[in-house]
Amino acid sequence: MNIVTAKGLIKDYGGLRAVDNIEFEITRGECFGFLGPNGAGKTTTMSIIFCFMPPTSGTVRVFDIDVTEDPGIIKSRTGVMPQDDNLDPDLSVFENLTVYARYFDIAKRDSAAVAWKLLDFIELREKANVTIKSLSGGMKRRLLLARALMNRPELLIMDEPTTGLDPRSRHSVWDNLNHLKANKTTLILTTHYMEEAEKLCDRVAIMDAGKIVTTDTPEHLVNTHGVNLEEVYLKLTGRKLVTD
Ligand SMILES: Nc1ncnc2c1ncn2[C@@H]1O[C@H](COP(=O)(O)OP(=O)(O)O)[C@@H](O)[C@H]1O
Ligand SMILES: [Mg+2]
């Protein structure tokens, strides 16, 4: 069964077409990546899948439910890791997890147990009682990941999970994501890192200016179009994918 199916998806912001008639299908247990530079329409696409805003036209179904029909059910079964850090600076690391759990009607005692488990998963147990501002960038990203997992989601949506991180922190997030993959969580991520797409994604949709240029496995893209994904991107879009 498809976890996400998008057909003829369009999103306009006033006169700007941010997502321009795209289609994709994401199956259970898959890690699916949207690869493209800033402005390609990745965040807009993620926001629609997570029912944060409706499409201008076209349809998106998540768990075979239309995103405009029952956002509550979709959100309860999904975890989301936003592009920007929106952790609560007035709460401790631990409280950021347990307070978030209230959105999902998770009982207090259960949420504490889940929070400890997730702090172990992201190796941040010893930081449980510190404030957010004393965390490094990599620790914040891992905490955002843990928070997204509080409701034990079947589907995890991540918007640029490792952008701006140093290589060591990036690898530690990748280790976490590989664990989730092994446990059959469906993963959707956006990235402009070729290495991230190649290491994690079963399939990638190459995005450029609101359109999906092609969708394929990284391996097949490389075999068909170039020696690496960087070259593939250039060949398919005529543009260099800027990485930092
Ligand atoms: N809330 C908004 N209002 C107006 N324009 C927006 C808004 N959000 C994004 N855009 C524009 O839509 C396009 C796609 O943005 P976005 O989905 O954030 O792309 P990406 O995540 O790939 O960088 C960009 O041109 C961006 O400036
Ligand atoms: Mg974005």
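Residues numbered from 1 in each chain as written. Chains lettered and ligands numbered in written order. Predicted model: local features only at pLDDT ≥ 70, side-chain atom pairs only at ≥ 80, totals over all residues.

Draft legend 1. Spotlight on the domain arrangement of the chain. One can read the domain layout of the chain as domain 1 (1-77 + 155-244) and domain 2 (86-152). On a C-alpha basis, the centroid separation for the pair domain 1 and domain 2 is 25 Å. Opposite the 11 residues of domain 1 that make contact, domain 2 presents 10 residues. Residues belonging to the side of domain 1 that touches domain 2 are distributed by class as follows: 4 nonpolar, 6 polar and 1 charged. (Domains from an automatic or database assignment. Contact = placed C-beta atoms within 7 Å. Nonpolar A, V, L, I, M, F, W, Y, C, P; charged D, E, K, R; others polar.)

Draft legend 2. Up close: helix H1 (residues 42-49). Within H1, 6 of the 8 residues are buried, which leaves the element mostly enclosed by the surrounding structure. Of all the residues in H1, the buried ones are Lys-42, Thr-45, Met-46, Ser-47, Ile-48 and Ile-49. Immediately downstream of H1, the backbone of Cys-51 shows phi near 65 degrees, a positive value. (Buried ≥ 20, exposed ≤ 12 C-beta atoms within 10 Å, placed from the backbone. Helix = DSSP H or I, 4+ residues; strand = E, 2+ residues; numbered from the N terminus.)

Draft legend 3. Seen up close, the nonpolar core. With 62 residues, the main nonpolar core has Ile-49, Val-60, Leu-118, Leu-145, Ala-146 and Ile-157 as its most contacted residues. A per-element tally of this core places helix H5 (residues 137-148) first, with 5 residues. Summarising the domain contributions, this core has at least three residues from each of domain 1 (1-77 + 155-244) and domain 2 (86-152). Beyond its immediate sequence surroundings of up to four residues, Ile-49 is in contact with Val-4, Val-60, Val-62, Ile-157 and Ile-188. (Core = buried A, V, L, I, M, F, W, Y, C linked by C-beta atoms within 7 Å.)

Draft legend 4. Structural view of the environment of Leu-16. Here Leu-16 lies in strand S2 (residues 16-27). Placed 136 residues apart in sequence, Leu-16 and Arg-152 show a C-alpha to C-alpha distance of 36 Å.

Draft legend 5. Focus on the sheet that holds S2. The 4 strands lie next to each other as S2-S1-S4-S5, forming an open sheet whose pairing is antiparallel. The open sheet has two free edges, formed respectively by S2 and strand S5 (65-66), since each of these has just one partner strand. Along the sheet face, H1 touches strand S1 (2-13), S2 and strand S4 (57-62) and points at about 125 degrees away from the line of S1. (Pairing = 2+ DSSP bridges. Axes fitted to C-alpha atoms, helices over the stretch in contact; angles between N-to-C directions.)

Draft legend 6. Layout of the site of ligand 1. As a structural note, the neighbourhood of ligand 1 is formed by Tyr-13, Leu-16, Ala-18, Gly-36, Asn-38, Gly-39, Ala-40, Gly-41, Lys-42, Thr-43 and Thr-44. Among the secondary structure elements, those contributing two or more residues to the shell around ligand 1 are S2 and H1. Considering each element in turn, the shell around ligand 1 owes the most residues, 3 residues, to H1. Of the residues that constitute the shell around ligand 1, the class distribution is 4 nonpolar, 6 polar and 1 charged. (Near = placed C-beta within 6 Å.)

Draft legend 7. Representation of unusual backbone geometry in the model. Despite not being glycine, Asn-21 has its phi angle at roughly 65 degrees, a positive value. Take Asn-21: it is sitting in strand S2.

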